[in-house]
There are 4 protein chains.
Amino acid sequence: MSRYDAIQVGDMAEFGKTITEADICAYVAVSGDTNPVHINEVIASGTMFKKRIAHGMLSAGLISAVLGTKLPGAGTIYLSQTLNFKLPVYIGDTITARVTVLEKKGKFRLRLLTECINQDGKIVITGEAEGMLKE
Amino acid sequence: MSRYDAIQVGDMAEFGKTITEADICAYVAVSGDTNPVHINEVIASGTMFKKRIAHGMLSAGLISAVLGTKLPGAGTIYLSQTLNFKLPVYIGDTITARVTVLEKKGKFRLRLLTECINQDGKIVITGEAEGMLKE
Amino acid sequence: MSRYDAIQVGDMAEFGKTITEADICAYVAVSGDTNPVHINEVIASGTMFKKRIAHGMLSAGLISAVLGTKLPGAGTIYLSQTLNFKLPVYIGDTITARVTVLEKKGKFRLRLLTECINQDGKIVITGEAEGMLKE
Amino acid sequence: MSRYDAIQVGDMAEFGKTITEADICAYVAVSGDTNPVHINEVIASGTMFKKRIAHGMLSAGLISAVLGTKLPGAGTIYLSQTLNFKLPVYIGDTITARVTVLEKKGKFRLRLLTECINQDGKIVITGEAEGMLKE
């Protein structure tokens, strides 16, 4: 049985990490996103967020970690992703990306529910991904 | 006139950078995504990509850089993003994120075309974002 | 059945990655090891290695990745490690850490063969680890 | 007199640094070790350690710094290392690697006591290394 065949609708996997200042520093380098709300405490304190927040796309990267290492896992071709940013993520929050198989469609393709959840159980990002696993 | 009012449908902004091995190294730390296709040249050479590719979500971060620093710019609240991963990005590729205003909708909201384009002019990621700018 | 009980002598797991300049840069920051053979191409070219080599302990970290994420996996308490550095690792080499269960000893303890192997199949590091998994 | 000849049994050297969140972030990239006990505060708080701990092999890297830069110093060929992980290292701990010459054996070889000690004077790692210095 192929790895694709072994995957069932409803299968779920998670990966979580604490979002640190160092992550934000590294993400600025990688993305070039120097938006002050992420890196300038003085400016961030004057916004509705009251302090620096992590880049939304930084937390979204945890979804990629689940897809690429757990479900469907290594070999997955990432086709698409939708992201709805619901709540801010602060430095020190622990974000868990949860991926759930919604549908097996056509050849080797999967439609997946993708959620990022903070340490209080609140959904900070929700959306769907499509991936292909020809193994 | 508010910054929001000054934005016109069709306005465009770009941010580009060369995707380096160091970016991939840092992105592994930030995302936890250790998928071998990104970090293991031996395994990657046996895939359809033939060599290591950058994480799709890494390149998508350049869109966040445009939104957060250029158009709409600092103060933007990132509401949503769709991403269609069209072509692989290799180490050494120079990726330019291009954001174009598609629609001004309701109060302070913008619908934006978001594309990532490589050094050969090919679209590697396409999708749309929504942002809000109350300034 | 506990996770410990499910582990059998002979079980094996691997994790591999290409060792990049960026890894060496990051490892210098983490370890403080500024030995010129790792970071000074002029000095390194005058040694028996002929060019910069990666820190031996950097490659040894891949063993930790297997222990902590695959076999025995998350929850493992790392008790000890022996390392014999057999061959140099150069920038661009792809190193695979392979962990094999040698013995289940006493309560929750495992003795493991730990090897790092380069892209040519040569063992660059060999040794043993002991870990404990109370799950 | 060669540098090797100048080394005496009992010679000692140290290198210490504070282990930061940024070190852990970088070490994840270098090693690929995403074990949640190192990067996920929620999961780590449920373990016997009560909070995130540094990778044991991260602290062991400070030994490499002493060997490669102080005693025996640049030019040393790192032959072997044993590591016994005695106590956890937490973010913010200051770890000092101390290397003491135990024996001069055969040609150019040294047997060394290698200890990592925290800010409270407790040994967190102990073991021995062998190195060769042909200078």
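In this convention, every chain numbers its residues from 1, walking through the sequence in written order. Written order decides the labels, with chains lettered from A and ligands numbered from 1. Local features in this predicted model are restricted to residues of pLDDT 70 or higher, and side-chain atom pairs are both shown and tallied only at a pLDDT of 80 or more, whereas totals for entire chains, interfaces and linings draw on every residue. Working from all heavy atoms in the structure, the side-chain values ignore hydrogens and water.

Trainee: Help me out: how do you make sense of the side chain of Ser59(B) in this one?
Mentor: Per the convention used, a helix needs a DSSP run of H or I reaching at least four residues, while a strand needs a run of E reaching at least two, with both numbered from the N terminus. Within the secondary structure, Ser59(B) is located in helix α5 (residues 56-69). Here, residues are in contact when the closest pair of their heavy atoms is within 4.5 Å. Not counting chain neighbours up to four residues away, the residues in contact with Ser59(B) comprise Val89(B), Ile95(B), Cys116(B) and Ile125(B).

Trainee: How do you make sense of the relation of the copies chain B and chain D when you look at a structure like this?
Mentor: Copies overlap after least-squares fitting; the atoms used are the C-alpha atoms of residues with pLDDT of at least 70 in both. For the match of chain B to chain D, the screw axis carries a shift of 0.0 Å, the RMSD comes to 0.0 Å, and the turn is 180°. Interpreted geometrically, this transformation is the action of a two-fold axis. Scanning chain B for the C-alpha nearest the rotation axis identifies Ala29(B), at a separation of 2.2 Å.

Trainee: Help me understand the relation of the copies chain A and chain B, please; the structure alone is not making it clear to me.
Mentor: The pair of chain copies shares a relation made of a rotation about an axis and a shift along it. When chain A is fitted to chain B, the residual RMSD is 0.1 Å, and the transformation amounts to a turn of 180° plus an axial shift of 0.0 Å. Here 100% of the interface residues in chain A have copies in chain B that are interface residues too; the copies meet face to matching face.

Trainee: Before we go on, may I ask you to explain the environment of Thr126(A) in this structure?
Mentor: All names here are of chain A. Along the polypeptide, Thr126 turns up in strand β5 (residues 123-132). In this structure, the C-alpha to C-alpha distance between Thr126 and Thr82, residues 44 residues apart in sequence, is 7.9 Å. Excluding its chain neighbours within four sequence positions, the residues that come into contact with Thr126 are Thr82, Leu83, Asn84, Lys86, Leu113, Thr114 and Glu115.

Trainee: Would you mind going over the interface of chain B and chain D with me for this structure?
Mentor: You'll often see interface size given as the accessible area lost when the parts meet. The interface of chain B with chain D comprises 5 residues on the first partner and 5 residues on the second. The contact between chain B and chain D buries some 390 Å² in all, and 83% of this surface belongs to carbon and sulfur atoms. Whenever a carboxyl oxygen of Asp or Glu lies within 4 Å of a side-chain nitrogen of Lys or Arg, that contact is scored as a salt bridge. The interface formed by chain B and chain D includes 0 salt bridges. Polar contact is the term for a pair of N or O atoms within 3.5 Å; when the atoms are in protein, one must be able to donate a hydrogen and the other to accept it, and sequence-neighboring residues count only if both atoms are side-chain atoms. Across the contact surface, chain B and chain D share 0 residue pairs in polar contact (both at pLDDT 80 or more). Residues belonging to the side of chain B that touches chain D are distributed by class as follows: 3 nonpolar, 2 polar and no charged. Note: buried area is the sum, over both parts, of the accessible area (probe 1.4 Å) each one loses when the two are combined. Under the grouping applied here, Gly and all other residues not named as nonpolar or charged are polar, the nonpolar ones being Ala, Val, Leu, Ile, Met, Phe, Trp, Tyr, Cys and Pro and the charged ones Asp, Glu, Lys and Arg.

Trainee: Explanation requested: the packing of helix α2 (residues 21-31) of chain A against α5(B) in the structure shown.
Mentor: Each pair of packed helices can be described by the angle between their axes along with the distance between the axes. Across the interface, α2(A) lies against α5(B) with an axial gap of 8 Å and an inter-helix angle of 90°. One way to sum up the angle between α2(A) and α5(B) is to call them roughly perpendicular. Contact with α2(A), carried on its side by Tyr27(A), Val30(A) and Ser31(A), involves Leu58(B), Gly61(B), Leu62(B) and Ala65(B) of α5(B) and no other residues of that element. For the contact of α2(A) with α5(B), the residue count by class is 5 nonpolar, 2 polar and no charged. Orientation is described by lines fitted to C-alpha atoms, with helices fitted over the stretch in contact, and by angles between N-to-C directions that extend from 0 to 180 degrees. Each angle gets one of four labels, with under 35 degrees taken as roughly parallel, over 145 as roughly antiparallel, 65 to 115 as roughly perpendicular, and the rest as oblique.

Trainee: I'm lost on the nonpolar core in this one. Help?
Mentor: Considering soluble globular proteins, one finds that nonpolar side chains tend to be buried as a cluster. As used here, the term nonpolar core means buried Ala, Val, Leu, Ile, Met, Phe, Trp, Tyr and Cys residues forming a set that is joined through side-chain atoms within 4.5 Å. Accessibility here uses a 1.4 Å probe with only protein chains present; expressed as a share of the type maximum, an area under 20% marks a residue as buried, one over 50% as exposed, and anything in between as partly exposed. Residues Leu83(A), Leu83(B), Leu83(C) and Leu83(D) are the most contacted members of the largest nonpolar core, which totals 136 residues. Ignoring anything within four residues of it in the chain, the contact list for Leu83(D) reads Met57(C), Leu79(C), Ser80(C), Gln81(C), Leu83(C), Met57(D), Ala60(D), Ile63(D), Ile125(D) and Thr126(D).

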